[in-house]
Amino acid sequence: MSAQPLDTAVVVSLTEDAVTAPSMHNAQPWRFVFRPSSGTVELYGDSTRTMPHSDPNHRALHLGCAAALFNLRVAAVRAGREPVVRLLPDPRDPWFLAEVHLPEPTGGLDAQLALFHPALRGRHTSRFPFTDEEIPAPILDGLRAAALLEECKLMLPDAWHTEAVLDLVHDSENREESSPGVRGETAAWTGTGAPGEGPATEGIPAYAFGPRQSEMSAPVRDFGAGRPVMARDSAVFEKHPHIALLGTSGDTPTDWMKAGQALQRILLQATLDGLVASMTSQPLEWPELRWAVRDPNDAMGYVHMVIRLGYGPQGPATPRRPAQDVLTVV
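Reference entry: report on the structure contained in this document. (Residues numbered from 1 in each chain as written. Predicted model: local features only at pLDDT ≥ 70, side-chain atom pairs only at ≥ 80, totals over all residues. Heavy atoms only, no water.)

**Focus on the environment of Thr248**
Considering the arrangement of structural elements, one finds Thr248 in strand β8 (residues 242–248). For the pair Thr248 and Arg232, spaced 16 residues apart in the sequence, the C-alpha separation amounts to 37 Å. Discounting residues that sit within four places of it in the chain, Thr248 has contacts with Glu151, Cys152, Asp255, Ala259, Met300, Gly301, Tyr302 and His304. Within the structure, Thr248 has its side chain in polar contact with the backbone oxygen of Gly250 (distance 2.6 Å). (Helix = DSSP H or I, 4+ residues; strand = E, 2+ residues; numbered from the N terminus. Contact = heavy atoms within 4.5 Å. Polar contact = N/O pair within 3.5 Å; in protein donor to acceptor, adjacent residues only side chain to side chain.)

This is how it looks when you write it as structure tokens:
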């Protein structure tokens, strides 16, 4: 593939691909700055889109921005560029998360990254019931390998550990119910389908909530809990959900940036493999619960995301902010 001139139109296209990434409550907490003189794109966290109660140290913000960074890498290779990434390039500015140089390739492009491109717009979080079909071992091995490529680890807990994690998810739901601050943040970023609600470019609309669980068996965050949501049914979810834990040995902003890229690589690989997925960070949002999610016998020191995997209906697309709202050319 031959590279196009790195003009603003190309970078707008790259940004449109980047913002298809998932983020906590679909807050899309990213900003991009394109510097034509140096051929670089800078990624910043958006300090106006933080969640002080649910994400006080901005770990989830880093994960979402890093997932967008991975998408940018995919789109750049697809456009014939060779992304060279520097994480957290300025210690004086904690919101400056990554600098991406986009030269024409001098060696071989990472063809594997380009293969993910068709999945960028095909990947959507599914909060619907999955089947109980087993996931073949080679597919799970491929997802583990995807995490390792981003210097992270994907752990597949056994039945006992899975039950323990599900108990922690339910515990976190009860804590959220008793926290007005957390409930307020969730309500601010989600819709209910009430009359008069217009089109949105952010947050999670009611049509993406999925049905209520008639029995709480799967780790799916219920964004409609305790709120009236129009035309929302109940359904039976899988009895034995397949979950995976994504983690790192450390818990620094650099680890979070690696984990967010690993998360998106895993989700895109799962999409290409015909799987659907949803994510929950509820037990990870409470320090007193987060430590208990990990396996104490495993080298994974810190868990950053609980991923539910399986076969079932693909989730609907959720809104995205247009490139002109998140991209600045200087």
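**Quick word on the sheet that holds strand β9 (residues 276–280)**
Ordered by their spatial adjacency, four strands build an open sheet running β5-β8-β10-β9, and the pairing between neighbours is antiparallel. Each having just a single partner strand, β5 (153–155) and β9 make up the two edges of the open sheet. Averaged over neighbouring strand pairs, the angle between their axes works out to 30° when direction is ignored. As paired elements, β5 and β8 share three bridges and run antiparallel to each other. Counterpart to Leu154 in the pairing with β8 is Leu246. (Pairing = 2+ DSSP bridges. Axes fitted to C-alpha atoms, helices over the stretch in contact; angles between N-to-C directions.)

**Things to note about the nonpolar core**
Residues Leu14, Trp30, Phe32, Val41, Leu43 and Leu102 are the most contacted members of the largest nonpolar core, which totals 29 residues. Among the secondary structure elements, those contributing two or more residues to this core are α1 (8–18), β1 (30–35), β2 (40–45), α2 (59–78) and β4 (96–101). At nine residues, α2 tops the list of elements feeding residues into this core. In this structure, Val41 is in contact with Val11, Phe32, Val33, Phe34, Leu72, Ala98, Glu99, Val100 and Leu102, ignoring residues within four places of it in sequence. (Core = buried A, V, L, I, M, F, W, Y, C linked by side-chain atoms within 4.5 Å. Buried < 20%, exposed > 50% of the residue type's maximum accessible area, 1.4 Å probe, protein only.)

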